[in-house]
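# Observations on chain architecture
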Amino acid sequence: MDKKIKIYTCLAWLLIQGAVTTSCSKDDEGGDTPSEQRYTGDAYKDLHSPWVKDPSQMTHFTRWDCILFGSYPTNEVVSGSIRAVDDYALAEGDVIIDAALFSQLENAQWTDDDTEINGKRYHRLNGSGAVTCSTDREQHYRWADPDAWHYFAYAPVKWRILKISGTKAVLLADRMPDTCPFHDQDESVNWSGSHLRQWLNEEFYNRAFSDEERTAIETTNVKNPANPHYGTDCGPDTQDHVFILSNDEVFASTLASDYGFYAGSGIDDSARRFRSTLYAKCRGAWWSSVEGYRGNSFWFMRTSGYTSSSITYVCDFGYLYNQGTAVTCDDAAVLPAITVDLEKASYQKTTSVESTDVNS
């Protein structure tokens, strides 16, 4: 995404504080609404729907239970130090410094750029496999040699539970695992015909989940209402195994509130701030250098922007940009969602996530 557009967007938000791009009134800043603490949906065994506090006030807070399910290339194996990414954009465990393992990977036998060593899976990537590849693009992975292989260990994917209904759970990835343009051509397109939808339901779906895991993933009825601010048509509803969220699932709706997002105007919601994995950065995902949001990435919605050749997104500080960016934008990270039948799924409960955990 163009740096100037990001700066303009952020400045515009600071100046107008959401008056132009939000579709609900600023009626939630007073002190008349009583404090509320609640789970937003059902529970399954020891897993719960999001726990929220003061969902309609400026003290909004959410805690999500999380599970590990599926796996994806995540952490880079290097023989020494890494200079391709700014230190502040790295999370603990993103880099595996192991010269012996790196040498093994260099000499391994690869099938479809995957291999296994001592029971662990690895994936390799060079510049031709990245969405964008540059040696000096600011706030992007710096490729010293686009022809050189980079090696990534598969790791379990951590998912936030957005809602439980009976045994079914809507899950959202805790970090963006990859990056992919919404569409591969500059043209009018909606979610149903997008390159990203095809990529998520084919390449991502098959790489991230085993045959057994896929039996637990439900086909989700994905609704695609028009852009609430511009009225842009977003195409027909779809049936998907993997999808991304829409504007009304993260803002200005009861569903957004149930998922743990702040549904009113007047704040940049920390619940909508996410970081990308090192693999996603190597593939081309941008990260922020802005103090207070350093290391955060931005992520696509499936809602069209002000035209049918633009797509909405959530920026590094949690602001939903209704006008959108070009569908060919090449450095937004992808935040996938799935619906899983917990009764059928082989998962592991892991540490919960709070809305204050990502930079505030």
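### A look at the overall build of the protein
- Counting secondary structure elements, the protein contains seven helices and 21 strands.
- On C-alpha atoms alone, the protein measures out to a radius of gyration of 20 Å, which is about the 21 Å that the 2.2 N^0.38 rule sets for 360 residues.
- Its C-alpha atoms put the protein at 65 × 50 × 35 Å along the principal axes.
- Out of the 360 residues in the protein, the part that is buried amounts to 57%.
- A separation of at least 24 residues holds for 68% of the contacts in the protein among residues at least 6 apart in sequence.
- Of the accessible surface of the protein, which amounts to about 15,000 Å², a share of 46% is contributed by carbon and sulfur atoms.
- Averaging the locations of the 32 positively and 52 negatively charged side chains of the protein gives two centres separated by 2 Å.

### What about empty space enclosed by the protein?
- One pass over the structure, following the stated rule, counts two cavities of 30 Å³ or more.
- What lines the second largest cavity is simply Thr132, Cys133, Ser134, Arg137, His140, Tyr141, Trp143, Lys281, Cys282 and Gly284.
- Here the lining of the second largest cavity is composed, by residue class, of four nonpolar, four polar and two charged.

### A few points about the nonpolar core
- Counting residues in each nonpolar core, the largest one holds 85 residues, and the members touching the most others are Phe69, Leu196 and Leu245.
- If we skip the residues at most four places from it in the chain, Leu245 touches Leu162, Leu172, Val250, Phe261, Trp299, Met301, Arg302 and Ala337.
- Among the nonpolar cores identified, the runner-up in size contains ten residues, and Val77, Ala108, Trp110 and Tyr122 belong to it.

About the criteria used
The residue numbers shown here count from 1 along each chain, following its written sequence. Where local features are concerned, this predicted model is filtered to residues with pLDDT of at least 70; where side-chain atom pairs are given and counted, the filter is 80 or more; whole-chain, interface and lining totals use all residues. With hydrogens and water excluded, all non-hydrogen atoms of the structure serve as input to the side-chain values. Going along the chain from the N terminus, every DSSP run of H or I of four or more residues is numbered as a helix, and every run of E of two or more is numbered as a strand. Put simply, the radius of gyration uses C-alpha atoms, and a globule should come to 2.2 Å times the residue count raised to 0.38. Here's how the labels work: a residue is buried when its accessible area is under 20% of the maximum for its type, exposed when over 50%, partly exposed in between, all with a 1.4 Å probe on protein chains only. Any two residues having at least one pair of non-hydrogen atoms within 4.5 Å are treated as being in contact. Surface accessibility in these figures is a Shrake-Rupley result with a 1.4 Å probe; residues are shielded only by whichever protein chains are displayed. We treat Lys and Arg as the positive residues and Asp and Glu as the negative residues; His and chain ends play no part in the count. We put the charge of a Lys on NZ, of an Arg on CZ, of an Asp on CG and of a Glu on CD. Cavities and pockets were defined on a 1 Å grid built over protein atoms only: a cavity is a set of grid points that admits a 1.4 Å probe from which the probe cannot escape, a pocket is an open set flanked by protein on both sides within 12 Å along at least five of seven lines, and lining residues are those with an atom within 4 Å of any such point. Grid points are joined across faces, edges and corners, and a volume is the space filled by probe spheres set on the points. Ten residues, namely Ala, Val, Leu, Ile, Met, Phe, Trp, Tyr, Cys and Pro, are considered nonpolar, four, namely Asp, Glu, Lys and Arg, are considered charged, and the remaining ones, Gly among them, are considered polar. Nine residue types can take part in a nonpolar core, namely buried Ala, Val, Leu, Ile, Met, Phe, Trp, Tyr and Cys, and a core is a set of them joined through side-chain atoms within 4.5 Å.

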